[in-house]
Amino acid sequence: MLCPFGVDTNIPRDNQRYRPNRFGGPDPAPVELPGNFFEQAALAFRSPDEVAEMTLRAVRLNRPMVVTDPSQRENFRQGYVDLVMGAFDDVEAFDRGAS
């Protein structure tokens, strides 16, 4: 699983050109992000080559997950680990109620 927090790509400039018809179809205008989006996100943007190198390294080391920005550790924990642990809590509560 690749979690590319920030990769320097053409997505902000080209993303809408490939928008499916069910979402309004292609649009030549660039994606407009809030003015302070990048400051708030505080992402370390890497080149696609760096991300590719990191991904290949993970494959060679048999790692199931690649993250590209170590500064996002706490955000990831709060956003995903706590969410998954909550799912385990829910199933335990379900099993206690079912018995």
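Here, the structure is the one placed above.
Bear in mind that the values here come from a model prediction, so they are computed numbers and not experimental data.

Caption draft 1: Structural context of a negative patch on the surface. There is a patch of like negative charges on the surface, built from Asp-89, Asp-90, Glu-92 and Asp-95. Locating Asp-90 in the fold gives a position in helix H4 (residues 73-98). A relative accessible area of 55% places Asp-90 in the exposed class.

Caption draft 2: Expanded view of a nonpolar patch on the surface. Judged by side-chain polarity, Val-81, Val-84, Met-85, Phe-88 and Val-91 come together as a nonpolar surface patch covering roughly 420 Å² of accessible area. With respect to the element layout, Val-91 can be found in helix H4.

Caption draft 3: Focus on the layout of surface pockets. What the second largest pocket holds in volume is close to 180 Å³. For the lining of the second largest pocket, the element with the highest residue contribution is helix H3 (residues 48-60), accounting for three residues. When the residues that make up the lining of the second largest pocket are grouped by side-chain class, the tally is six nonpolar, no polar and two charged.

Caption draft 4: Summary view of the pattern of salt bridges. For the structure shown, the criterion picks out three salt bridges. One salt-bridge network, held together by shared partners, links Glu-74, Arg-77 and Asp-82.

Caption draft 5: Focus on the side chain of Asp-69. The topology assignment puts Asp-69 in the loop between strand S2 (66-67) and H4. Here Asp-69 sits buried without a salt bridge, and the closest side chain of opposite charge, Arg-46, lies 6.2 Å off (N-O distance). Polar contacts involving the side chain of Asp-69 include one to the side chain of Ser-71, which spans 2.7 Å.

Rules and cut-offs
- Residues numbered from 1 in each chain as written.
- Predicted model: local features only at pLDDT ≥ 70, side-chain atom pairs only at ≥ 80, totals over all residues.
- Heavy atoms only, no water.
- Patch = residues over 30% accessible without salt bridge, like charges linked within 9 Å, V, L, I, M, F, W, Y side chains within 5 Å.
- Areas by Shrake-Rupley, 256 points an atom, 1.4 Å probe, with all protein chains shown as cover.
- Salt bridge = Lys/Arg side-chain N within 4 Å of Asp/Glu carboxyl O.
- Lys, Arg positive; Asp, Glu negative; His and termini not counted.
- Charge placed at Lys NZ, Arg CZ, Asp CG, Glu CD.
- Helix = DSSP H or I, 4+ residues; strand = E, 2+ residues; numbered from the N terminus.
- Buried < 20%, exposed > 50% of the residue type's maximum accessible area, 1.4 Å probe, protein only.
- 1 Å grid on protein atoms, 1.4 Å probe; cavity = no way out; pocket = protein on both sides within 12 Å on 5 of 7 lines; lining within 4 Å.
- Points joined across faces, edges and corners; volume = space filled by probe spheres on them.
- Nonpolar A, V, L, I, M, F, W, Y, C, P; charged D, E, K, R; others polar.
- Polar contact = N/O pair within 3.5 Å; in protein donor to acceptor, adjacent residues only side chain to side chain.

Honestly, that's just the spatial picture; any functional story needs more than this.
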